[in-house]
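Below, each chain spelled out in residue letters.
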Amino acid sequence: EDKVVQSPLSLVVHEGDTVTLNCSYEVTNFRSLLWYKQEKKAPTFLFMLTSSGIEKKSGRLSSILDKKELSSILNITATQTGDSAIYLCAIIQGAQKLVFGQGTRLTINP
Amino acid sequence: GAVVSQHPSWVICKSGTSVKIECRSLDFQATTMFWYRQFPKQSLMLMATSNEGSKATYEQGVEKDKFLINHASLTLSTLTVTSAHPEDSSFYICSAREGLGFYNEQFFGPGTRLTVL
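Residues numbered from 1 in each chain as written. Chains lettered and ligands numbered in written order. Predicted model: local features only at pLDDT ≥ 70, side-chain atom pairs only at ≥ 80, totals over all residues. Heavy atoms only, no water.

**Q** Where do I start with the layout of surface pockets in this structure?
**A** In this approach the atoms are scanned with a rolling probe the size of a water molecule, which exposes any empty space left behind. Taken as a whole, the largest pocket spans an internal volume of roughly 500 Å³. As for the largest pocket, its lining consists of 20 residues, of which Glu1, Asp2, Lys97 and Val99 of chain A together with Met45 of chain B are closest to the centre. Elements that contribute at least two residues to the lining of the largest pocket include exactly strand S1 (3-7) and strand S10 (97-100) of chain A together with strand S5 (44-51) of chain B. Of the residues belonging to the lining of the largest pocket, the class tally is 10 nonpolar, 4 polar and 6 charged. Ranked by residue count, the leading element in the lining of the second largest pocket is strand S11 (residues 104-109) of chain A, at 3 residues. Grouping the constituent residues of the lining of the second largest pocket by class yields 6 nonpolar, 5 polar and 6 charged. (1 Å grid on protein atoms, 1.4 Å probe; cavity = no way out; pocket = protein on both sides within 12 Å on 5 of 7 lines; lining within 4 Å. Points joined across faces, edges and corners; volume = space filled by probe spheres on them. Helix = DSSP H or I, 4+ residues; strand = E, 2+ residues; numbered from the N terminus. Nonpolar A, V, L, I, M, F, W, Y, C, P; charged D, E, K, R; others polar.)

As structure tokens, then:
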């Protein structure tokens, strides 16, 4: 059965800290891995990773895929209270299906 | 970016009634739409995939007679929860994709919170 596992499930840090969120997967017919940020409503897209070892960056966020280890990390540096959210990792499996992990609930305290 | 809307944003209904949720792509034509369910503190679970003009493909364990999906046009898909029961209470999110390729981004709607009394 296809599986996406995120860790930690919950993380509380202080503003300014750096955090690393983890995602590991076991899926057949892997296509790409995606990271989303979910605040109150719909997930918003952060990154799509297809190739191993190539870091993607957007401001204070960065992510990288390790296909050998079947995993990915999402880094957030100099965290701000606005980074508080649930971060979801998902795999594109097969033709179009997204398989989501449980999410990491990140809380940034001022 | 592309915009997907859902209506209603929340609904409360009595047990045994049916509820229809609409998902619209506002500025693009959605070849494929997806319906997800999210229980509290859990992740999104794909319920079904629908391609315009054809029958939806349901995930294992999702009752097709209970969750009726219609994707009649390239901008609208509907999910009808028939004979809703309290265990159907959940957050339902749709997403829409413009092309057929798996690299085409899925854009998510804001979700519909269903509470069945």
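Further notes follow.
**Q** Help me out: how do you make sense of the environment of glutamate 26 of chain A in this one?
**A** Residues and elements named next belong to chain A. By the secondary structure assignment, glutamate 26 is in strand S3 (residues 19-26). Between the C-alpha atom of glutamate 26 and that of isoleucine 91, which follows or precedes it by 65 residues, the distance is 9.5 Å. Aside from chain neighbours lying at most four places away, what touches glutamate 26 is Glu1, Asp2 and Lys3. (Contact = heavy atoms within 4.5 Å.)

**Q** Is there a simple way to explain the packing of aromatic side chains in this structure?
**A** To describe a pair of aromatic rings, you give the distance between the ring centres and the angle between the ring planes. Counted according to the given criterion, the structure contains 9 aromatic pairs over all chains. Between tyrosine 36 of chain A and phenylalanine 108 of chain B, the ring centres sit 5.3 Å apart and the planes meet at 85 degrees, which makes this aromatic pair edge-to-face. In this pair, tyrosine 36 of chain A sits in strand S4 (residues 30-38) while phenylalanine 108 of chain B sits in strand S10 (residues 106-108), so the two residues belong to two different chains. For tyrosine 36 of chain A, a relative accessible area of 1% corresponds to the buried category. (Phe/Tyr/Trp six-rings, centres within 6.5 Å; stacked < 30°, edge-to-face > 60°. Buried < 20%, exposed > 50% of the residue type's maximum accessible area, 1.4 Å probe, protein only.)

**Q** Where do I start with unusual backbone geometry in this structure?
**A** A negative phi angle characterises most non-glycine residues, just as the trans form characterises most peptide bonds. In this structure, proline 8 of chain A follows serine 7 of chain A across a cis peptide bond, with omega equal to -10 degrees. Looking at where proline 8 of chain A falls in the secondary structure, it is placed in the loop between S1 and strand S2 (10-14). Residues histidine 7 of chain B and proline 8 of chain B are joined by a peptide bond in cis, for which omega reads 0 degrees. Examined against the element boundaries, proline 8 of chain B turns out to sit in the loop between strand S1 (4-7) and strand S2 (10-13). Although it is not a glycine, asparagine 29 of chain A adopts a positive phi angle of roughly 55 degrees. For asparagine 29 of chain A, the location among the structural elements is in the loop between S3 and S4. Notably, alanine 78 of chain A is not glycine yet its phi reads approximately 45 degrees, a positive angle.

**Q** Looking at this structure, how should I read the pairing of strand S3 (residues 19-25) of chain B?
**A** Regular strands place their side chains on alternate faces of the sheet. All names here are of chain B. Here S3 shows one buried face, formed by Val19, Ile21, Cys23 and Ser25, and one open face, formed by Lys20, Glu22 and Arg24. Where S1 meets S3, 4 bridges bridge the pair, whose relative direction is antiparallel. Residue pairing across strands places glutamine 6 opposite cysteine 23, the latter belonging to S3. As paired elements, S3 and strand S8 (residues 76-81) share 6 bridges and run antiparallel to each other. By the bridge assignment for S8, cysteine 23 is matched with serine 77. (Pairing = 2+ DSSP bridges.)

**Q** For this particular structure, what's the right way to read the interface of chain B and chain A?
**A** Many analyses report the size of an interface as the accessible area lost when the parts associate. Of the residues lining the interface, 22 residues belong to chain B; the matching set on chain A comes to 22 residues. Between chain B and chain A lies a buried interface of about 1,700 Å² when both sides are counted; carbon and sulfur atoms form 58% of it. Where chain B touches chain A, the interface holds 1 salt bridge. As a salt-bridge pair, lysine 97 of chain A and glutamate 59 of chain B come within 2.7 Å of each other at their nearest N and O atoms. Elements supplying a minimum of two residues to the side of chain B that touches chain A: strand S4 (32-38), S5, strand S9 (90-97) and S10 of chain B. Taken together, the residues that form the side of chain B that touches chain A break down as 10 nonpolar, 8 polar and 4 charged. (Buried area = accessible area lost by both parts, 1.4 Å probe. Salt bridge = Lys/Arg side-chain N within 4 Å of Asp/Glu carboxyl O.)

**Q** Please clarify how the environment of aspartate 83 of chain A should be interpreted in this entry.
**A** All names here are of chain A. You can see aspartate 83 is positioned in the loop between strand S8 (71-76) and strand S9 (85-93). In this structure the C-alpha to C-alpha distance between aspartate 83 and lysine 37, which are 46 residues apart in sequence, comes to 8.8 Å. Discounting chain neighbours no more than four positions away, the residues touching aspartate 83 are Lys37, Arg60, Ile76, Leu106 and Ile108. At 2.8 Å, the side chain of aspartate 83 forms a polar contact with the side chain of arginine 60. (Polar contact = N/O pair within 3.5 Å; in protein donor to acceptor, adjacent residues only side chain to side chain.)

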